[in-house]
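# Summary of structural features
Below, each chain spelled out in residue letters.
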Amino acid sequence: KLVSEGHYAEACEYRYEAFQLLAEALPEDEPMPLKWEHANSHAAMTILYGSAIDHFRIGDLEMTMAQLEMLLECDPEDHFETVNLLALCYIATEEWDAYDDLAIDLTDKSGEAVTARLWAKFRTDKALDSSLLTLLKSKHKALYTELIAQEHPDDEAFHRDITSERPSKAAEAREWWLLTEPLWSEFPEFIEALRR
């Protein structure tokens, strides 16, 4: 409700307060999977994900990682595709052991996962992996096109598309770009290499 009314900062504060209550309620020493079908559990996982996104957008990657790790413990089926964003955080902070543990879950079926793997190789090898680049271009063309675009308008046409019953691949790619843009602003070399 607050987001829809344009009170984004206030919505972030409420989500973070809800996350703190949730963190206090969950056991610290063992994972506690929640049921996706259960309304309150679903709401709890949505709050966790939302708060992690809030922290990601302001560049607080430490908090983002902690929240996404907690979310994966609550949601082992990964309904939010948390692994893709968590992988980007690990790469950005050079948490390579954590990234290596997670990399097995980064599949070829997800353009976001392929992008994460491609960026990881770029950060370690200082060059783009040709096979991963070919995979991104061929199987995930809409995402590749969005990554190399000079402009990413967050306009009315995009909002109509992304909120429709069946959003286009291009709109989904734009949504992911808009989410991850703070990272690419901090690490522009990867996008520049893709454009070349």
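Below, the structure is looked at part by part. (Residues numbered from 1 in each chain as written. Predicted model: local features only at pLDDT ≥ 70, side-chain atom pairs only at ≥ 80, totals over all residues. Heavy atoms only, no water.)

### Considerations on the overall build of the protein
Helices and strands together make up the secondary structure of the protein, namely 11 helices and 0 strands. Each helix and strand of the protein, ordered N terminal to C terminal, gives the series α-α-α-α-α-α-α-α-α-α-α. Taken over C-alpha atoms, the radius of gyration comes to 17 Å for the protein, in line with the 16 Å a tight globule of 196 residues would show. If one aligns the C-alpha atoms of the protein with their principal axes, the spans along those axes are about 50 × 40 × 30 Å. The proportion of buried residues among the 196 residues of the protein is 40%. On the protein, roughly 11,400 Å² of surface is accessible, and the fraction owed to carbon and sulfur atoms is 50%. Between the averaged position of the 18 positive side-chain charges in the protein and that of its 41 negative side-chain charges there is a distance of 10 Å. (Helix = DSSP H or I, 4+ residues; strand = E, 2+ residues; numbered from the N terminus. Rg over C-alpha atoms; globule rule 2.2 N^0.38 Å. Buried < 20%, exposed > 50% of the residue type's maximum accessible area, 1.4 Å probe, protein only. Areas by Shrake-Rupley, 256 points an atom, 1.4 Å probe, with all protein chains shown as cover. Lys, Arg positive; Asp, Glu negative; His and termini not counted. Charge placed at Lys NZ, Arg CZ, Asp CG, Glu CD.)

### Remarks on the packing of helix H6 (residues 111-125) against helix H11 (residues 188-195)
Contact pair H6 / H11: the axes reach a minimum separation of 11 Å and the direction vectors enclose 105°. Judged by the inter-axis angle, H6 sits roughly perpendicular to H11. The segment H6 lies against H11, with Thr115, Leu118, Trp119 and Phe122 engaging Glu189, Phe190, Ala193 and Leu194. (Axes fitted to C-alpha atoms, helices over the stretch in contact; angles between N-to-C directions. Parallel < 35°, antiparallel > 145°, perpendicular 65-115°, else oblique. Contact = heavy atoms within 4.5 Å.)

### Describing the side chain of aspartate 54
By the secondary structure assignment, aspartate 54 is in helix H2 (residues 39-57). Classification of aspartate 54 as buried rests on a relative accessible area of 7%. Polar contacts involving the side chain of aspartate 54 include one to the side chain of tyrosine 8, which spans 3.0 Å. When residues no more than four places from it in sequence are discounted, the contact partners of aspartate 54 are Tyr8, Cys12 and Arg15. (Polar contact = N/O pair within 3.5 Å; in protein donor to acceptor, adjacent residues only side chain to side chain.)

### Quick look at the nonpolar core
Among the nonpolar cores identified, the biggest contains 43 residues, and Leu88, Trp119, Leu147, Leu183, Trp184, Phe190 and Leu194 are the most heavily contacted of them. At 9 residues, the largest contribution of residues to this core is made by helix H4 (residues 82-92). Those residues in contact with leucine 183, other than ones at most four positions away along the chain, are Phe56, Leu61, Leu88, Ala92 and Trp119. Of all hydrophobic cores here, the second largest spans 10 residues; its members include Phe19, Leu22, Leu26 and Met45. (Core = buried A, V, L, I, M, F, W, Y, C linked by side-chain atoms within 4.5 Å.)

### Structural notes on helix H7 (residues 130-139)
Along H7, the positions that sit buried rather than exposed are Leu132, Leu133, Leu135 and Leu136. The buried residues of H7 occupy an angular sector of 160° when projected down its axis, which confines them to one face. With respect to the buried face of H7, the exposed residues turned more than 90 degrees away are Ser130, Ser131 and Ser138. Looking at the buried positions of H7, the neighbouring elements they touch are H6, helix H8 (141-148) and H11. (Arc of directions from axis to C-beta.)

### Topic: the packing of H8 against helix H10 (residues 169-186)
Across the interface, H8 lies against H10 with an axial gap of 9 Å and an inter-helix angle of 45°. When the axis of H8 is compared with that of H10, the two are oblique. For the element pair H8 and H10, the recorded crossing hand is right-handed. Where H8 approaches H10, its residues Ala142, Leu143, Glu146 and Leu147 are matched on the opposing element by Lys169, Ala170, Ala173, Arg174, Trp176, Trp177 and Trp184. (Left-handed = near helix turned anticlockwise from the far one by under 90°.)

### A word on H4
Buried residues dominate H4, accounting for 11 of its 11 residues. Elements that come into contact with the buried residues of H4 comprise H2, helix H3 (61-74), helix H5 (96-102), H6 and H10. Two residues or fewer after H4 comes glutamate 94, characterised by a positive phi angle close to 55°.

### Observations concerning the pattern of salt bridges
Tallied over the entire structure, the rule returns 7 salt bridges. Between glutamate 94 and arginine 123 there is a salt bridge, and its shortest N-O distance comes to 3.3 Å. Here arginine 123 lies in helix H6 and glutamate 94 lies in the loop between H4 and H5, a separation of 29 residues in the sequence. The exposure class of glutamate 94 is partly exposed, given its relative accessible area of 47%. As a salt-bridge pair, arginine 160 and glutamate 156 come within 3.1 Å of each other at their nearest N and O atoms. (Salt bridge = Lys/Arg side-chain N within 4 Å of Asp/Glu carboxyl O.)

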